[in-house]
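What follows is the residue order along each chain.
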Amino acid sequence: MTESDSPRILSSSRPFLLVWSIYSVAMLLGVWLLVYPSGLAERMDFRQLYTGGYLARTDPANLYDFDRQMMAQSNLVGAAERLLPFNHPAYEAWLFAPLSRLSYRTAYFCFLCVNVLLLSACFFVCRDVFSRPGIIAQPRAGLQLFAFFPVTVAILQGQDSVLFLFGLCLVYRCVTSSKHFLTGTVLALLLFKPQIALPLALFFTARYGFSVFAGFAMGGTIVAAASVGLVGWQAFLALGRVLLLTGSVSVSRSAPSGTFGVFPFVMPNLRGLISGVSGWLLPGTIILVLTIALSVCVALWAWRILRSARLEGDAAFSLATTAAIFLSYHLYIHDLSLMQIPLGLMGGCKNSYISRATLLFYLAPPFLLIVGHNFLFVLALPVLMFLYGVSQTLREAAVRTA
């Protein structure tokens, strides 16, 4: 989109603050009145981050030891049939070390408050992005955030997706300020989700040049050094083994303590789409080869568009972000929270694929959760539709300026 094509901005932030206050109170009361009495808090994803923070503080050398994680989760959170492993880079565990000094429920509640505050911070950092009309859930500035079901899932699960969303908002600000080295550096700080940060770095390098890669390399070096300094070299290398053992259900069955593995068909990405459509028909090896081949094709297609498009702007950032989400090897419904930036940037864009994908993003997630987790891979379809719609917008803009 050119500057003249940019949609108008909804200026007032008062409706956002009002709805944010109501949303926050509803979330906090919901936890006290529903989540705690039912025991759901102990089954939330936050247990892995809490355990990671505890081990980083008390036994960093064994941060990635499954038996040690299982013991810590059982003692600190409560007994469970299976381990929900901490499989993130070690530097993120350091962020949760202060919370691990609190009881689990208190820490969960505090992190929920942090996520709610981060949600408001996302709005004010990227107020222009989240203040565009044209989205189904955007009668007033910023309200799209509260109506997006994956955001609520991320907050209730105690996940770090809202933290990543906030970091991505900072990345967008660096891009719009043409500080491309800083863009890469800030993006490297988001390597606690490497499956998204790495393809983002690839696509931003294609779009904004080598300075992004240089900044990302420097930031990545700092993150790696911090992780090694926290847990030691041997434990740092053990992260690779953890990612392998938790990368699929078939492999994780041989892991200690009945470790949770990954069910690809619950992933709203390319891997999940291929597994969900053909998993019952094709053997695992063929699915793996097919996933790799199609991932390379999509990556090269996105790289080519980002390199050839003549306009700097919102559509390029949206395409890079959406392509990274679609190609990520490990993605759950709460990670779709990151789509809030592309959805905001393309708000009001007159493209049928973008409009239909936006409608599906807001209506389909709660319906699919009711129907069953086995169909969550279907959410990859609106991601793909949105990606194609943004590519059309870029090509049309390039033709107009040719």
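Residues numbered from 1 in each chain as written. Predicted model: local features only at pLDDT ≥ 70, side-chain atom pairs only at ≥ 80, totals over all residues. Heavy atoms only, no water.

A. Region of the structure containing the overall build of the protein. A count of helical and extended segments in the protein gives 19 helices and 0 strands. Looking at the protein as a whole, 56% of its 402 residues qualify as buried. Relative to all contacts within the protein whose residues are 6 or more apart in sequence, the contacts with residues 24 or more apart total 76%. (Helix = DSSP H or I, 4+ residues; strand = E, 2+ residues; numbered from the N terminus. Buried < 20%, exposed > 50% of the residue type's maximum accessible area, 1.4 Å probe, protein only. Contact = heavy atoms within 4.5 Å.)

B. Just unusual backbone geometry, in detail. Positive phi outside glycine occurs at S178, with the angle close to 60°. Secondary-structure assignment places S178 in the loop between α8 (161-176) and α9 (180-188). With a relative accessible area of 54%, S178 lands in the exposed category.

C. Geometry of the packing of α8 against helix α10 (residues 194-208). As a packed pair, α8 and α10 sit with axes 14 Å apart at the nearest point and diverge in direction by 10°. Our classification of the angle between α8 and α10 gives roughly parallel. When α8 is examined against α10, the residues F164, L168, V171 and V175 are found in contact with a partner set consisting of I196, A197, L200, F204 and Y208. Looking at the contact of α8 with α10 residue by residue, the classes come out as 9 nonpolar, no polar and no charged. (Axes fitted to C-alpha atoms, helices over the stretch in contact; angles between N-to-C directions. Parallel < 35°, antiparallel > 145°, perpendicular 65-115°, else oblique. Nonpolar A, V, L, I, M, F, W, Y, C, P; charged D, E, K, R; others polar.)

D. Just helix α7 (residues 149-157), in detail. Listed as buried for α7 are P150, V151, T152, V153, A154 and I155. Buried positions along α7 lie against α1 (14-38), α5 (104-125), α6 (144-147), α8, α17 (340-345) and α18 (352-371).

E. Local environment of the packing of α5 against α7. One can describe the packing of α5 onto α7 by two numbers: an axis separation of 8 Å at closest approach and a directional angle of 150°. As the angle between them shows, α5 and α7 are arranged roughly antiparallel. Only V151, A154, I155, L156 and Q157 of α7 make contact with α5, whose side of the interface consists of Y108, L112, N115, V116 and L119. Grouping the amino acids of the contact of α5 with α7 by side-chain chemistry returns 8 nonpolar, 2 polar and no charged.

F. Main features of the environment of G276. Tracing the backbone shows G276 in helix α14 (residues 270-278). Residues in contact with G276, not counting those within four places in the same chain, are F265 and F377.

G. Representation of helix α3 (residues 66-76) within the structure. Taken as a whole, α3 has its buried residues at F66, Q69, M70, A72 and Q73. One face of α3 carries all of its buried residues, which in axial projection span an arc of 165°. Measuring from the backbone nitrogen of D67 back to the side-chain oxygen at the start of α3 gives 3.1 Å, which picks out D65 as the cap. Among the residues trailing α3, G78 stands out with phi positive, at a value near 145°. (Arc of directions from axis to C-beta. Polar contact = N/O pair within 3.5 Å; in protein donor to acceptor, adjacent residues only side chain to side chain.)

H. How the structure looks around the side chain of S318. For S318, the location among the structural elements is in helix α16 (residues 314-327). A polar atom in the side chain of S318 sits 2.9 Å from the backbone oxygen of D314.

I. The arrangement of a nonpolar patch on the surface in detail. On the surface, V25, L29, W32, L33 and L34 cluster together into a nonpolar patch covering about 560 Å² of accessible area. Considering the arrangement of structural elements, one finds L34 in helix α1. (Patch = residues over 30% accessible without salt bridge, like charges linked within 9 Å, V, L, I, M, F, W, Y side chains within 5 Å. Areas by Shrake-Rupley, 256 points an atom, 1.4 Å probe, with all protein chains shown as cover. Salt bridge = Lys/Arg side-chain N within 4 Å of Asp/Glu carboxyl O.)

J. Layout of the packing of aromatic side chains. For the coordinates displayed, the defined rule picks out 27 aromatic pairs. Ring centres 6.1 Å apart and planes at 45° place the aromatic pair F46 and Y50 in the tilted group. Of this pair, F46 and Y50 both sit in helix α2 (residues 46-58), 4 residues apart, roughly one helical turn. Side by side, F46 and Y50 carry an identical accessibility label, which is buried. Ring plane angle 20° and centroid distance 6.5 Å describe the contact between Y104 and Y108, whose orientation is recorded as stacked. One end of the pair, Y104, and the other, Y108, are both in helix α5, 4 residues apart, so they sit about a helical turn from each other. For Y104, a relative accessible area of 4% corresponds to the buried category. (Phe/Tyr/Trp six-rings, centres within 6.5 Å; stacked < 30°, edge-to-face > 60°.)

K. Local environment of the state of the cysteines. Taken as a whole and assessed by the stated rule, the structure comprises 0 disulfides. Not engaged in a disulfide, the cysteine C169 finds its nearest cysteine sulfur in C126; these two sulfurs lie 3.9 Å apart. Assessed through its relative accessible area of 0%, C169 is described here as buried. (Disulfide = S-S within 2.5 Å.)

Interpretation in functional terms is not warranted from these geometric data alone.
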